[in-house]
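# Breakdown of the fold
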Amino acid sequence: MLSWLRRETTADLPRDPKEDEPVAGQSDAIRGVSQNKPLLTVRGVERAFDVGGSKLRVLKGIDLELYPNQLIMLRGRSGSGKTTLMNLMGGLDTPTAGEIVFQDRPFHKWGDDKRTEVRRKDIGFIFQAYALMPLLSAYENVELSLRMAKVPRGEWKSRVTSCLELVGLGKRMHHRPFELSGGEQQRVAIAKAIAHRPSLLLADEPTAELDSQMAAQVMQVFKEIVATQNVTICMTTHDPTILEVADHVYEMVDGVFVS
Ligand SMILES: Nc1ncnc2c1ncn2[C@@H]1O[C@H](COP(=O)(O)OP(=O)(O)OP(=O)(O)O)[C@@H](O)[C@H]1O
Ligand SMILES: [Mg+2]
């Protein structure tokens, strides 16, 4: 039904040819996409900030691997370093030491421009506070991300409509954010984050501002996306009931993972 959302090769940057060009109707295993090969590898990552003339060590040696079609969660107390790590994984920031490799692309060695290019095409972000444009409708907000990803204009209408239907907002497409509930706004943000068919979706406390029923709706959408859209989701949360649906939970304490 939603076969259009399957990822196409849009990146003009180096990547593993085996992961490209899915064949319609074939499973990942049949078409040769290795489920055993990580989508993203974080190796020995450290991040320190200069604060008032001294070094604040926030991440102190993080190792993590994300595989295709997983729902992975990070938990940890406020200030433990979760957002700092997500920013590195999404190429928004670079580590002080260690390696971040996304689909064979070494983010730790690359400059801003190259990382931005990859991010626009292959990574989606969802934030706690929705990050929608207030004067644009749900439809226009999703359309904007396709424009940013340089998706051909002729594909916009079908992609926007399908994404908003996927998140259950087919009847709210022309509402502006202030005409939507918190859960609905977050679902628009999800539609916006997946419209360009990323292979990785990073969500930083996406349910923190939602009541438990709306949070459950968002998690339902996440589960559906992972099951059908060839996407891996990595999210942070404090909510123990949400952690139950994860394929794996990483617990962060003071800049390191504990088991
Ligand atoms: N740009 C920065 N400059 C200096 N210190 C920073 C910077 N970014 C983050 N920090 C510090 O790094 C630590 C970890 O911050 P981070 O935002 O990663 O925590 P978090 O686990 O996401 O917390 P929360 O659950 O509250 O969102 C904090 O002590 C914060 O003050
Ligand atoms: Mg945070």
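Here's what I pulled together on the structure shown here.

About the criteria used
- Position numbers for residues start from 1 in each chain and track the written sequence from start to end.
- Chain A is the first chain written and ligand 1 is the first ligand written, with later ones labelled in order.
- Local features in this predicted model are restricted to residues of pLDDT 70 or higher, and side-chain atom pairs are both shown and tallied only at a pLDDT of 80 or more, whereas totals for entire chains, interfaces and linings draw on every residue.
- Each residue is classified by how many other C-beta atoms fall within 10 Å of its C-beta atom, where C-beta atoms are placed from the backbone; a count of 20 or more means buried, 12 or fewer means exposed, and values in between mean partly exposed.
- Any residue whose C-beta atom, as placed from the backbone, lies within 6 Å of a molecule or strand is termed near it.
- Secondary structure elements follow DSSP: runs of H or I no shorter than four residues count as helices, runs of E no shorter than two count as strands, and numbering proceeds from the N terminus.
- Side-chain classes follow a simple rule in which Ala, Val, Leu, Ile, Met, Phe, Trp, Tyr, Cys and Pro form the nonpolar group, Asp, Glu, Lys and Arg form the charged group, and the remainder, Gly included, forms the polar group.
- Expected span of a helix: the number of residues minus one, times 1.5 Å.
- Remark: residues whose backbone-derived C-beta atoms lie within 7 Å of one another are considered to be in contact.
- Pairs of strands are assigned from DSSP output, requiring at least two bridges between the strands.
- A fitted line through C-alpha atoms serves as each axis, taken over the contacting stretch for helices, and the angle formed by two N-to-C directions is quoted from 0 to 180°.

## Re unusual backbone geometry
Negative phi values dominate among residues other than glycine, just as trans dominates among peptide bonds. Despite not being glycine, Lys150 has its phi angle at roughly 60°, a positive value. Judged by local crowding, Lys150 falls into the exposed class, with 12 C-beta atoms found within 10 Å.

## Re the site of ligand 1
The full set of residues close to ligand 1 is Phe49, Val51, Leu56, Val58, Gly76, Ser78, Gly79, Ser80, Gly81, Lys82, Thr83 and Thr84. If you list the elements that add at least two residues to the shell around ligand 1, you get strand E1 (40-51), strand E2 (54-66) and helix H1 (82-89). If you tally residues by element for the shell around ligand 1, the top one is H1, at 3 residues. Among the residues making up the shell around ligand 1, the classes are represented as 4 nonpolar, 7 polar and 1 charged.

## Points about helix H5 (residues 182-194)
Compared with the 18 Å implied by 1.5 Å per residue over 13 residues, the 19 Å span of H5 between its first and last C-alpha is a close match. Buried residues dominate H5, accounting for 11 of its 13 residues. In the core, the buried residues of H5 are packed alongside strand E6 (123-126), helix H3 (138-148), helix H4 (156-166), strand E7 (200-204) and helix H6 (212-228).

## Considering the sheet that holds strand E8 (residues 232-236)
Strands belonging to one sheet form pairs held by backbone hydrogen bonds; the direction of such a pair is parallel or antiparallel. Taking strand neighbours across the sheet as the criterion, the 6 strands line up as E6-E7-E8-E3-E9-E10 in an open arrangement whose pairing is mixed. Each edge of the open sheet is held by one strand with a lone partner, namely E6 and strand E10 (256-258). Ignoring strand direction, the axes of neighbouring strands in this sheet form an average angle of 25°. As defined by bridge partners, E6 adjoins E7 across 4 bridges and the pair is classed as parallel. Bridge pairing in E7 links Ile126 to Ala203. Lying on the sheet, H5 is in contact with E6 and E7; it crosses E6 at an angle near 165°.

## Regarding the pairing of strand E3 (residues 71-76)
Of all 6 residues making up E3, 5 are buried, and the element is well covered by its neighbours. Note that E3 and E8 share 4 bridges and pair parallel. Within E8, the residue paired with Leu71 across the bridge is Ile233. Relative to strand E9 (residues 248-253), E3 runs parallel, the two sharing 5 bridges. The residue of E9 that forms the bridge with Ile72 is His248.

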